[in-house]
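Residues per chain, in single letters:
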Amino acid sequence: MRKKIIAGNWKMNYAVNKADEFVNEIKDRINTNEVDVVLCPNFVSLERISDLIDDSNIKLGAQNVYFEDKGAYTGETSVDMLTSVNVKYCIVGHSERRKYFNETDEMVNKKALKLLEKDVSPIICVGETLEERDAGKHFDIVKEQVEKALQNIDKEKVKSKIVIAYEPIWAIGTGVTATSSQANEMCKYIRDIIAKLYTQNIADLVRIQYGGSVKPSNAKEILEQSDIDGALVGGASLTNDFVAIVNY
Ligand code: 13P
């Protein structure tokens, strides 16, 4: 039985004071053992939020990382810097990073490998555009993203640490949610890819989230699908809606 994992990706929202205020407002209401809850604030708020959630079951996640250990990489953040403030998860390959910052499948793979080296769980984002879906290419696109992201990652790490987030780009921030059957179909397909790369037993242990306009009104239906093990929530994670989603 896979434990659900619900993560809030705050993206570039909330400076430290506001982040602090919001976490204090929702913290006790999302402090549960039923599901794994992860908050992914901006880098500058990580340390503060880490302190605030220290006495709870809520875990800290980052939105990005660099794949080198240290050195002359102006503006970048290493895994050691993340773990120094108790980061346990890190989103990699979000479609916004692929689109605006030219993040490639190869970079996603390098970031995932580096995170795993230091025991941080990568939340690997994959998903197709509307044009790709309309052209019937969505399965091929997602397959390539998953296969490339998992290159050289050993089976122990896959089964214990990897989280995949299926986020169809056309459903992100648009209010258009994939239907629960579209979302489940792709999550199941991703599990089949992992089974082919590793084994069915391993694939059955990997948690696969859905992301894209998840809100209180659709969370329950999505989260009850057979192959959907959680949600990666954007806009709704910035409001009290996140409380309702976690307590779906
Ligand atoms: P929305 O929930 O705002 O559609 O964003 C989804 C997302 O990109 C989470 O990473």
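Residues numbered from 1 in each chain as written. Predicted model: local features only at pLDDT ≥ 70, side-chain atom pairs only at ≥ 80, totals over all residues. Heavy atoms only, no water.

### Observations concerning the pattern of salt bridges
Then, number 1: One pass over the full model with this rule turns up 23 salt bridges.
Then, number 2: Note that Lys 27 and Asp 55 form a salt bridge whose closest N and O atoms lie 3.0 Å from each other. Of this pair, Lys 27 sits in the loop between α1 (16-26) and β2 (36-40) while Asp 55 is found in the loop between α2 (46-52) and β3 (59-62), placing the two residues 28 residues apart along the sequence.
Then, number 3: What makes Lys 27 buried here is its relative accessible area of 12%. (Salt bridge = Lys/Arg side-chain N within 4 Å of Asp/Glu carboxyl O. Helix = DSSP H or I, 4+ residues; strand = E, 2+ residues; numbered from the N terminus. Buried < 20%, exposed > 50% of the residue type's maximum accessible area, 1.4 Å probe, protein only.)

### Some remarks on the site of the ligand
Then, number 1: The environment of the ligand is formed by Asn 9, Lys 11, His 94, Glu 167, Ala 171, Ile 172, Gly 173, Gly 212, Ser 213, Leu 232, Gly 234 and Gly 235.
Then, number 2: In this structure, an oxygen atom belonging to the ligand sits 2.9 Å away from a side-chain N or O atom of Glu 167.
Then, number 3: One of the backbone N or O atoms of Gly 235 is found 2.8 Å from an oxygen atom in the ligand.
Then, number 4: Bound to the protein, the ligand loses 95% of the 310 Å² it would expose on its own.
Then, number 5: In terms of residue class, the shell around the ligand is built from three nonpolar, seven polar and two charged. (Near = heavy atom within 4 Å. Polar contact = N/O pair within 3.5 Å; in protein donor to acceptor, adjacent residues only side chain to side chain. Areas by Shrake-Rupley, 256 points an atom, 1.4 Å probe, with all protein chains shown as cover. Nonpolar A, V, L, I, M, F, W, Y, C, P; charged D, E, K, R; others polar.)

### A closer look at the sheet that holds strand β6 (residues 163-166)
Then, number 1: As summarised here, the arrangement of the eight strands in space is β1-β2-β3-β4-β5-β6-β7-β8, forming a closed barrel in which the pairing is parallel. Mean inter-strand twist for the sheet, computed between neighbouring axes without regard to direction, equals 25°.
Then, number 2: Bridge count between β3 and strand β4 (residues 87-92): three bridges; the pairing is parallel. Within the sheet, the bridge partner assigned to Leu 60 lies in β4 and is Val 87.
Then, number 3: Its contacts with the sheet place helix α5 (residues 105-117) against β4 and β5 (121-126), and it is angled at close to 160° to β5. (Pairing = 2+ DSSP bridges. Axes fitted to C-alpha atoms, helices over the stretch in contact; angles between N-to-C directions. Contact = heavy atoms within 4.5 Å.)

### A few points about the packing of helix α7 (residues 138-149) against helix α9 (residues 180-197)
Then, number 1: With their axes 10 Å apart at the nearest point, α7 and α9 run at an angle of 45° to one another. Considering the angle they form, α7 stands oblique to α9. Judged by the twist between their axes, the crossing of α7 over α9 is right-handed. Mapping the contact onto sequence places His 138, Phe 139, Val 142, Lys 143, Val 146 and Glu 147 in α7 and Glu 185, Met 186, Tyr 189, Ile 190, Ile 193, Ile 194 and Leu 197 in α9.
Then, number 2: Residue classes in the contact of α7 with α9 are distributed as nine nonpolar, one polar and three charged. (Parallel < 35°, antiparallel > 145°, perpendicular 65-115°, else oblique. Left-handed = near helix turned anticlockwise from the far one by under 90°.)

Don't take any of this as a statement about function, it's just geometry.
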